[in-house]
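# Structure at a glance
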Amino acid sequence: LAAFLANGLITTIITCHHHLQTPMYSFLLNLALLDLGAISTTVPKAMANSLWDTREDISYTARAAQLFFVFFCFVLAEFCLLTVMSYDRYVAICKPLHYGTCWGSAL
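Note that residues are indexed from 1 along each chain, following the sequence as it is written. Only residues with pLDDT of at least 70 get local features here, since the model is predicted, and only at 80 or more are side-chain atom pairs given and counted; chain-wide, interface and lining totals rely on the full set of residues. Heavy atoms from the whole structure form the basis of all side-chain values; hydrogens and water molecules are not counted.

## Observations regarding the overall build of the protein
- Only runs of H or I of at least four residues qualify as helices and only runs of E of at least two qualify as strands under DSSP, and these elements are numbered from the N terminus. Per the secondary structure count, the protein includes four helices and zero strands.
- When the helices and strands of the protein are read in sequence order from the N terminus, they spell out α-α-α-α.
- Radius of gyration: C-alpha atoms only; globule rule: 2.2 Å multiplied by the number of residues to the exponent 0.38. The globule rule puts the C-alpha radius of gyration for 107 residues at 13 Å, and the 18 Å found for the protein is more than 25% above it.
- Expressed along its principal axes, the backbone C-alpha trace of the protein runs to roughly 60 × 25 × 20 Å.
- Relative accessibility under 20% of the residue-type maximum defines a buried residue, over 50% an exposed one, and the middle range a partly exposed one, all with a 1.4 Å probe and only protein chains included. With 107 residues in all, the protein has 20% of them scored as buried.
- If you take every contact in the protein between residues at least 6 apart in sequence, the share linking residues at least 24 apart comes to 57%. Whether two residues touch is decided by their heavy atoms; if any such pair falls within 4.5 Å, the residues are in contact.

Here it is, written out as structure tokens:
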């Protein structure tokens, strides 16, 4: 629940304030949205089982779909986004004069 609230707050703040429309904050927005997606595939069923004190198991196909969405979609996308974010910071720190040309009109 804390992760839902924190990522929702990050998403709301970045989209509402126009001075946060820089590449760094757009990367953080995308990272928060990916985290919301990864959490929303596994947590709801676990919370329902916890709240109603049941040990209800999910089917094999539902478990396979959960595994696919978490590991192959969200985690892979998060790793790719973190790689681009690290390249952004590398260019900003090590080659500050080239930063504008690398990101072009995104600034």
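Now that the structure has been shown, we can carry on.
## Things to note about the packing of helix α2 (residues 23-51) against helix α3 (residues 60-94)
- To obtain each axis, a line is fitted to C-alpha atoms, and for helices this fit is confined to the stretch in contact; angles are then taken between N-to-C directions over 0 to 180 degrees. In the contact formed by α2 and α3, the axes pass within 10 Å of each other and the chain directions differ by 165 degrees. With respect to their mutual orientation, α2 and α3 come out roughly antiparallel. As for the relative orientation of α2 and α3, their crossing is left-handed in sense. Along its contact with α2, which presents M24, F27, L28, N30, L31, L34, G37, A38, T41 and T42, the element α3 presents Q66, F69, V70, F74, A77, E78, L81, L82, V84, M85, D88 and R89.
- Residues are grouped as follows: Ala, Val, Leu, Ile, Met, Phe, Trp, Tyr, Cys and Pro are nonpolar; Asp, Glu, Lys and Arg are charged; every other residue, Gly included, is polar. By residue class, the composition of the contact of α2 with α3 is 14 nonpolar, five polar and three charged. Our angle categories are set so that under 35 degrees counts as roughly parallel, over 145 as roughly antiparallel, 65 to 115 as roughly perpendicular, and the remainder as oblique. By definition, turning the near helix anticlockwise from the far helix through less than a right angle yields a left-handed crossing, and turning it clockwise yields a right-handed one.

## Concerning the nonpolar core
- Buried Ala, Val, Leu, Ile, Met, Phe, Trp, Tyr and Cys residues form a nonpolar core when they are joined through side-chain atoms within 4.5 Å. Grouped together as the largest cluster of nonpolar side chains are seven residues: F27, L31, L34, A38, F74, L81 and M85.
- Listed by contribution, the elements that provide at least two residues to this core are α2 and α3.
- Among the elements that line this core, the one with the most residues is α2, at four residues.
- Contacts of L31, omitting those with residues within four sequence positions, involve E78, L81, L82 and M85.

## Let's talk about a nonpolar patch on the surface
- Only residues whose relative accessible area exceeds 30% and that form no salt bridge are eligible for patches; like-charged ones are grouped when within 9 Å, while nonpolar side chains (Val, Leu, Ile, Met, Phe, Trp, Tyr) are grouped when within 5 Å. Areas reported here follow the Shrake-Rupley algorithm with a probe of radius 1.4 Å; residue values treat only the protein chains shown as occluding. Salt bridges are defined by distance alone: a side-chain nitrogen of Lys or Arg within 4 Å of a carboxyl oxygen of Asp or Glu. A cluster of nonpolar residues, L67, F68, F69, F71 and F72, forms a patch on the protein surface that exposes about 530 Å² of accessible area.
- As for its position among the elements, F72 is in helix α3.
- For F72, a relative accessible area of 53% gives the class exposed.

## Brief notes about the UniProt feature "transmembrane region" (unreviewed entry) in the protein
- UniProt positions are given in the numbering used here, feature names are shortened, and annotations may be inferred rather than shown by experiment. Sequence positions flagged by UniProt for "transmembrane region" (unreviewed entry) are, in local numbering, residues 27-47 and 67-87.
- Between the C-alpha atoms that bound residues 67-87 there is a distance of 29 Å. The span itself is 100% helix and 0% strand.

## Some words on the packing of aromatic side chains
- Stacked, tilted and edge-to-face are the three classes applied to pairs of Phe, Tyr and Trp rings, where Trp contributes its six-membered ring and a pair requires centres within 6.5 Å; stacked means planes under 30 degrees apart, edge-to-face means over 60, and tilted covers the rest. Inspection of every chain in the model, using the stated rule, returns three aromatic pairs.
- Considering the side-chain rings of F68 and F72, the 6.0 Å spacing of their centres and the 40 degrees angle between planes classify their relative orientation as tilted. Pair noted here: F68 and F72 are both in helix α3, with a separation of four residues, about one helical turn.
- Ring-pair connections join several aromatic residues into one group, and the members of that group are F68, F69 and F72.

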